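Summary of the model geometry
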Amino acid sequence: PGVPASDFVRDTVRRDNEQGTYGGRVQTRFPPEPNGYLHIGHAKAITVDFGVAEDFGGICNLRFDDTNPETEEDEFVRSILADVAWLGYTPNEVVYASDYFEQLYHWAEHLIKHGLAYVDEQDTEAISVQRGGYGNPGIESPFRDTPVQENLAKFHGMRAGKYADGAMVLRAKIDMQHENMQLRDPIMYRIRRGHHHRTGDAWCIYPTYDWAHGQSDAIERVTHSLCTLEFDSHRPLYDWFLEHLPLPAEKPKQVEFARLELTHTVTSKRRLATLVNEGLVDGWDDPRLPTLSGLRRRGYPASAITDFCRYVGVTRTNSRPSIELLESFVRKQLNATAQRRMAVIRPLRVVLTNWPTEADGTPVVEYFDVVNNPEDEADGVRQVPFTGELYIEQEDFAEVPPPKYFRLSPGREVRLRGAYFITATDVVKDADGRVVEVHCTYDPQTRGGNASDGRKVKSTMHWVSAAHAVDATAVLYDRLFSAEVPGAETGEPLDDLNPASREVLAGCKVEAALADTAPGQVVQFERIGYFAHDPRTPMLFHRTVGLKDEWAA
Ligand code: ATP
Ligand code: MG
Ligand code: MG
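Along helix H8 (residues 235-243), the residues classified as buried are Leu237, Tyr238, Trp240, Phe241 and Leu242. Looking at the buried residues of H8, the elements they touch are helix H4 (101-113), strand S5 (169-172), strand S6 (187-191), helix H7 (209-220), strand S8 (224-228) and strand S9 (253-257).

The structure is reproduced here in structure tokens:
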């Protein structure tokens, strides 16, 4: 690796290396809870956790923080593994906090034996009330001074299943008057008879995040435990547990950085789960969601996401970059890599009245070489068929052109990209007066799209030969939430859900070459945008992003 970028996380690591704090070792972890799919915010954490390790020649584990049996599932584990791999990172090891349940249990016994933890038989509500608040004194639990042997017996009983769910908890005995609420005798274990996705029914007590996290870091020998800013106030507790356990002197260090949020969307697993579970979107990989599986299905290249995360950088100030900024990374990447195709998403039939026929009466078919990607010569050219009946976009014809409209209209000549100049002569309307067909003449002297006499036209339009077109469905997307900060006004993001975030256009007419598009492949529909072929449904295309920033002021 070259010289690592400079930011406060990397500066901390560099300083520790210089001082020999960890003997030059650098080890991080990415610790998702498998209770949902990863989102763009997690991508940021992944680029920081894996990126820092990589920059300093260290290692990074993927650790499933699976301490809540009710909400965690194998499906989420599998999706997280797939998403991390998709972003291009390979964990040193894949590990589970649940692998450490036995060790955590023994360490809890250790704290009890040293008078540093006790069983509290009050309910969690009473405990929370007694904890007080900032500036308010805490009230000590009546169970705080239970003798060690009694605590041990009760704790063993908790594990053995002697007590009902919620009957008691284990708490660390720290300081009920501490100005940091986290240190007012935090809960370490709860009784829960949920079925755990890995340990099954082996346990009926489960450690809290605070009790599991730092200890898992210590077991794995993590040096820098990178997490988001909201854990700032947990750091003294993180350190307290590590200090009071029989551990080597070299202890992991928690370093917090800012969360990533984006405009017009939500990056909270809980909120995303609501959208999925209430059927407001079609599953975790709905292309409107900021989940990595949704963005992938939408056609976002992994490298556009990681480039974006690196650009945003690691800071200690929470930020909400615009979704347009992310889209600009996507567009830049796709412009370089996506092959161009012609696709008509709202078709209007065009008949060339002077198109020649063969001796047997069938229309002549000509083929034009069309460049696949002007940004990459290696992508070569393809042959596109052209005949006397074509489709163009409805919006590329106006019977009565508004001011500054230079596309097709009666008497107006335009270019069909790479083919011929055509002039509209007549229209056919349906019973409601809508134009359903446009009659045109073509100029045989303009083959290839240029007039031999040098005359110019003001517009060039894409087209598809009617006889050769393939049917497709295109899905266009708008912002999932209309407000920049969903819920800013009412506190409820769902109030800002955009009811028109998706437009499904069935009956698109596209170039036959699009039938060969691989599942998941992204192509550019000329003049319309980048589209991703759905991974499961053939000929279903999701608009990844438009060609230009349509939301720019
Ligand atoms: P959520 O609050 O959305 O449920 P979480 O923080 O509980 O997210 P975890 O699965 O526990 O989700 O997160 C794994 C790691 O990813 C943690 O280190 C967490 O700090 C980090 N992370 C989660 N959300 C973001 C975000 N929006 N920006 C940056 N890092 C994040
Ligand atoms: Mg969490
Ligand atoms: Mg959370």
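Within soluble globular proteins, side chains that are nonpolar generally end up buried alongside one another. If you look at the biggest cluster of nonpolar residues, it comprises 47 residues, and the most contacted ones within it are Phe30, Ile40, Ile46, Val84, Leu87, Ile305 and Phe308. For this core, the leading source of residues is helix H2 (residues 40-55), giving eight residues. For Ile305, the contacting residues outside a window of four places in its chain are Ile40, Ala43, Trp86, Leu87, Leu292, Leu295 and Tyr300. Of all hydrophobic cores here, the second largest spans 36 residues; its members include Tyr100, Leu116, Leu183 and Ile205.

The strand order across the open sheet built from three strands is S1-S2-S3, with neighbouring strands paired in parallel fashion. Edge positions in the sheet fall to strand S1 (27-30) and strand S3 (94-96), since each of these pairs with one other strand and no more. Each neighbouring strand pair of the sheet contributes to a mean axis angle of 35°, computed without reference to strand direction. Sheet topology places S1 next to strand S2 (residues 59-64); four bridges connect them, and they run parallel. Counted as the bridge partner of Phe30 is Leu62 from S2. Against the sheet, helix H3 (residues 74-86) makes contact with S1, S2 and S3, and its axis sits at roughly 160° relative to S2, the strand it touches most. Strand contacts of H7: S1, S2 and S3, with the helix running at about 135° to S2, the strand carrying the most contacts.

Domain parsing of the protein yields domain 1 (8-257), domain 2 (269-337 + 472-510 + 517-545) and domain 3 (341-469). Summarising the inter-unit geometry, the C-alpha centres of domain 1 and domain 2 are found 33 Å apart. On the domain 2 side, the residues contacting the 25 residues of domain 1 number 23 residues. Summing both sides of the interface, domain 1 and domain 2 together bury roughly 2200 Å²; the carbon and sulfur share of this comes to 69%.

Here is what the cut-offs are and how they apply
- Residue numbers restart at each chain and count upward from 1, following the sequence in its written direction.
- Chain A is the first chain written and ligand 1 is the first ligand written, with later ones labelled in order.
- Where totals are concerned, whole chains, interfaces and linings use all residues; where local detail is concerned, this predicted model gives features only for residues with pLDDT of at least 70, and gives and counts side-chain atom pairs only at 80 or more.
- Side-chain descriptors were evaluated using all non-hydrogen atoms of the structure, hydrogens and water having been removed beforehand.
- Each residue's exposure class comes from its accessible area (1.4 Å probe, protein chains only) as a fraction of the maximum for that residue type: buried when under 20%, exposed when over 50%, partly exposed otherwise.
- Secondary structure elements are defined from DSSP: runs of H or I of at least 4 residues count as helices, runs of E of at least 2 residues count as strands, and each element is numbered from the N terminus.
- Note on contacts: a residue pair qualifies if any of its non-hydrogen atoms lie within 4.5 Å across the two residues.
- To define a nonpolar core, start from buried Ala, Val, Leu, Ile, Met, Phe, Trp, Tyr and Cys residues and group those joined through side-chain atoms within 4.5 Å.
- Two strands are counted as paired when DSSP detects at least two bridges linking them.
- Axis lines are fitted to C-alpha atoms, over the contacting stretch for helices. Their N-to-C directions set the angle, which ranges from 0 to 180 degrees.
- Domain start and end points were adopted from an automatic or database domain assignment.
- Summed over both partners, buried area is the accessible surface (1.4 Å probe) that two parts give up on being assembled.

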